[in-house]
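# Coordinate analysis (summary)
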Amino acid sequence: MKKTTEDLMHTTFMVAKSAQKNGNLPYGCILVDASGEVIMRGENTVVTEQDALGHAEINLIRKASKQYSADYLATCTIYTSDEPCPMCSSAIFWGGVGHLVYGLSKRRFYDEFGRGNPAHDFDIPSATVLDAGARKVTVSGPLLEEEALKLHR
């Protein structure tokens, strides 16, 4: 039976919880093929690998681009627990993924939790970054924001 969008978002939440359990920030993502099967997972590793670029989406795109062709990735969807930052949105574009679905929006995150370190604020929505590219990447979200918020409480 094909998984629903909500089922797939719940999977990203489980990956985010795994990242947190492993000592990182609670961010996770999955790569889903055109038939709806999860083919790869990515979790945040910023803390444990002392890597400022160890965002879940970056980790996933690095693996996916080594394993799959750009033509294949264009048919895939990346589901993310939270709206990707501009760096990760760009990686989604350059990695060739065709679709993005995210849970918690950056705007809602900031409304709920504030801005911890203003030096790290880079407030550009994913859709804005991806719309600037020549290749079309569809963006859907926010989705299941209330559940996604629980990851950060």
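Below, the structure is looked at part by part. (Residues numbered from 1 in each chain as written. Predicted model: local features only at pLDDT ≥ 70, side-chain atom pairs only at ≥ 80, totals over all residues. Heavy atoms only, no water.)

## Looking at the state of the cysteines
Formally: Cysteine sulfur atoms that pair up within 2.5 Å are treated as a disulfide. Between buried and exposed lies partly exposed: a residue is buried under 20% and exposed over 50% of the maximum accessible area for its type, with that area taken using a 1.4 Å probe on protein chains only.
According to the stated counting rule, one finds zero disulfides in the structure shown. Free cysteine: Cys76, not disulfide-bonded; nearest cysteine sulfur from Cys29 at 13 Å. Looking at Cys76, the relative accessible area reads 0%, which means it is buried. Cysteine Cys85 is unpaired, with the sulfur of Cys88 as its nearest cysteine sulfur at 3.7 Å.

## Describing the packing of helix 2 (residues 56-67) against helix 4 (residues 86-95)
The criterion, for reference: Lines fitted to C-alpha atoms define the axes, with helix axes restricted to the stretch in contact, and inter-axis angles between N-to-C directions lie between 0 and 180 degrees. A run of H or I in DSSP becomes a helix once it reaches four residues, and a run of E becomes a strand once it reaches two; helices and strands are each numbered from the N terminus. In this scheme, roughly parallel covers angles under 35 degrees and roughly antiparallel covers those over 145, while 65 to 115 is roughly perpendicular and the rest are oblique. The sense of a crossing depends on the near helix, which, turned anticlockwise from the far helix by less than a right angle, makes the crossing left-handed and, turned clockwise, makes it right-handed. Residue contacts are defined here by distance: any two heavy atoms, one from each residue, within 4.5 Å place the two residues in contact. Under the grouping applied here, Gly and all other residues not named as nonpolar or charged are polar, the nonpolar ones being Ala, Val, Leu, Ile, Met, Phe, Trp, Tyr, Cys and Pro and the charged ones Asp, Glu, Lys and Arg.
Between helix 2 and helix 4, whose axes approach to 9 Å, the crossing angle comes to 15°. Here helix 2 is positioned roughly parallel relative to helix 4, judged by the angle of their axes. Of the two elements, helix 2 crosses helix 4, and the hand of that crossing is left-handed. For the pair helix 2 and helix 4, the contacting residues are Glu57, Ile58 and Ile61 in the first and Met87, Cys88, Ala91, Ile92 and Gly95 in the second. Residue composition of the contact of helix 2 with helix 4, by class: six nonpolar, one polar and one charged.

## Topic: the nonpolar core
How we decide: Nonpolar cores are built from buried Ala, Val, Leu, Ile, Met, Phe, Trp, Tyr and Cys residues. Side-chain atoms within 4.5 Å join them into one set.
The biggest cluster of nonpolar side chains holds 37 residues, and the ones touching the most others in it are Leu31, Leu60, Ile78 and Tyr79. Sorting the residues of this core by element identifies helix 1 (5-21), strand 1 (28-32), helix 2, strand 3 (77-82), helix 4, strand 4 (99-104), helix 5 (106-113) and helix 7 (145-150) as the ones contributing at least two each. Among residues more than four places away in sequence, those in contact with Leu31 are Glu37, Val38, Ile39, Met40, Leu60, Ala64, Leu73, Cys76, Thr77, Ile78 and Val97.

## Comments concerning the pattern of salt bridges
If the charged atoms of two oppositely charged side chains come close together, the side chains can form a pair. Using the following cut-off: Salt bridges are defined as contacts in which a side-chain nitrogen from Lys or Arg sits within 4 Å of a carboxyl oxygen from Asp or Glu.
Tallied over the full model, the rule gives seven salt bridges. A salt bridge links Arg153 to Glu112; its shortest N-O distance comes to 3.0 Å. Here the residue Arg153 occupies a position in the segment after helix 7, and Glu112 occupies one in helix 5, the gap between them amounting to 41 residues. With relative accessibility at 60%, the residue Arg153 sits in the exposed group. Taking the shortest distance from any N to any O, the salt bridge between Arg115 and Asp123 comes out at 3.0 Å. The class for Arg115 is partly exposed, based on a relative accessible area of 36%. Here the salt bridges share partners, and the residues they tie into one network are Arg108, Glu112, Glu145, Glu146 and Arg153.

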